[in-house]
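Observations on the model geometry
Letter by letter, the chains look like this.
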Amino acid sequence: QQAFQKALDLHKENRSSLGALAIARNNMAFVFHTTGRYREAWEQNRLALEHVRNTKYLRASIGLLVAKGDILRDLDELDEAEQAYKAAIQISQQSDENIGVDSAYMGLAEVERSRGNFSAAVSHLNTGLSLEGSILTKDKYDLLQALIFKDMGQGDLALDKANSVLQNFEDGETVSAD
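Observations concerning the overall build of the chain
The number of helices and strands found in the chain is nine helices and zero strands. When its helices and strands are written in sequence order, the chain yields α-α-α-α-α-α-α-α-α. Within the span of the chain, comprising 178 residues, buried residues form 39% of the whole. Taking all contacts inside the chain whose residues are at least 6 apart in sequence as the whole, residues at least 24 apart take part in 49%.

Right, here's the structure in full:
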């Protein structure tokens, strides 16, 4: 956390480009989010989005909107999270920028899973996996699918998917989505 804070402070002192400053703020938002400090995560994400608003930093915009959706989803603000993910997808579709948009589809899958809309969750997951430039690994896909199966009451299918991922982990393999 200290290293990310120092990087953010340096970007502010040196009046870095808005894109670099937004990325530094996003790093801080990530640290706060993963440590449960949601108010601080929200503030850093909000400021980062302000930095890239009306700029050509489309990849950063997509990532920041996905991060916003993740924070909102963790706070059980599912409608707002869905809006953030869909905004990221819209930017991607309008700009042909696919890097990171698979994470928006994963977020939508999680939203629909939380709502009990399992068919929609799997559909979003499949869309994210099929995108060119996807960073979604087969293991992440299988883990989320296992959680969906578990929530559907399909314990055997969930266990099969989870065991497959564990076996890959034990074998030292990470299976790419390709």
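A look at the nonpolar core
Ranked by internal contacts, the top residues of the largest apolar core, which has 21 residues, are Tyr85 and Ala104. Looking at this core, the elements that each hand over two or more residues are helix H3 (38-52), helix H4 (58-74), helix H5 (78-95) and helix H6 (101-115). For Ala104, the contacting residues outside a window of four places in its chain are Val66, Tyr85, Ala88 and Ile89. Counting seven residues, the second largest nonpolar core, distinct from the first, contains Met106, Ala109, Ala121 and Tyr141.

Here's the deal with the packing of helix H2 (residues 18-34) against H3
Remark: H2 packs on H3, axes separated minimally by 8 Å, with the N-to-C direction vectors making an angle of 165°. Classified by the angle their axes make, H2 and H3 are roughly antiparallel. Crossing of H2 over H3 shows left-handed handedness. Contact with H2, carried on its side by Leu18, Leu21, Ala22, Arg25, Asn26, Met28, Ala29, Phe32 and His33, involves Tyr38, Glu40, Ala41, Gln44, Asn45, Leu47, Ala48, His51 and Val52 of H3 and no other residues of that element. Taken together, the residues of the contact of H2 with H3 sort by class into 11 nonpolar, five polar and two charged.

Quick notes on the packing of helix H8 (residues 138-151) against helix H9 (residues 155-170)
Two packed helices can be described by the angle between their axes and the distance between those axes. It is the contact of H8 with H9, at a shortest axis distance of 8 Å, that shows an interaxial angle of 155°. Classified by the angle between their axes, H8 and H9 sit roughly antiparallel to one another. In terms of crossing hand, the pair formed by H8 and H9 is left-handed. Facing H8, whose interface residues are Lys138, Asp139, Asp142, Leu143, Gln145, Ala146, Phe149 and Lys150, H9 presents Leu157, Ala158, Lys161, Ala162, Ser164, Val165 and Asn168.

Rules of the game
- Residues numbered from 1 in each chain as written.
- Predicted model: local features only at pLDDT ≥ 70, side-chain atom pairs only at ≥ 80, totals over all residues.
- Heavy atoms only, no water.
- Helix = DSSP H or I, 4+ residues; strand = E, 2+ residues; numbered from the N terminus.
- Buried < 20%, exposed > 50% of the residue type's maximum accessible area, 1.4 Å probe, protein only.
- Contact = heavy atoms within 4.5 Å.
- Core = buried A, V, L, I, M, F, W, Y, C linked by side-chain atoms within 4.5 Å.
- Axes fitted to C-alpha atoms, helices over the stretch in contact; angles between N-to-C directions.
- Parallel < 35°, antiparallel > 145°, perpendicular 65-115°, else oblique.
- Left-handed = near helix turned anticlockwise from the far one by under 90°.
- Nonpolar A, V, L, I, M, F, W, Y, C, P; charged D, E, K, R; others polar.

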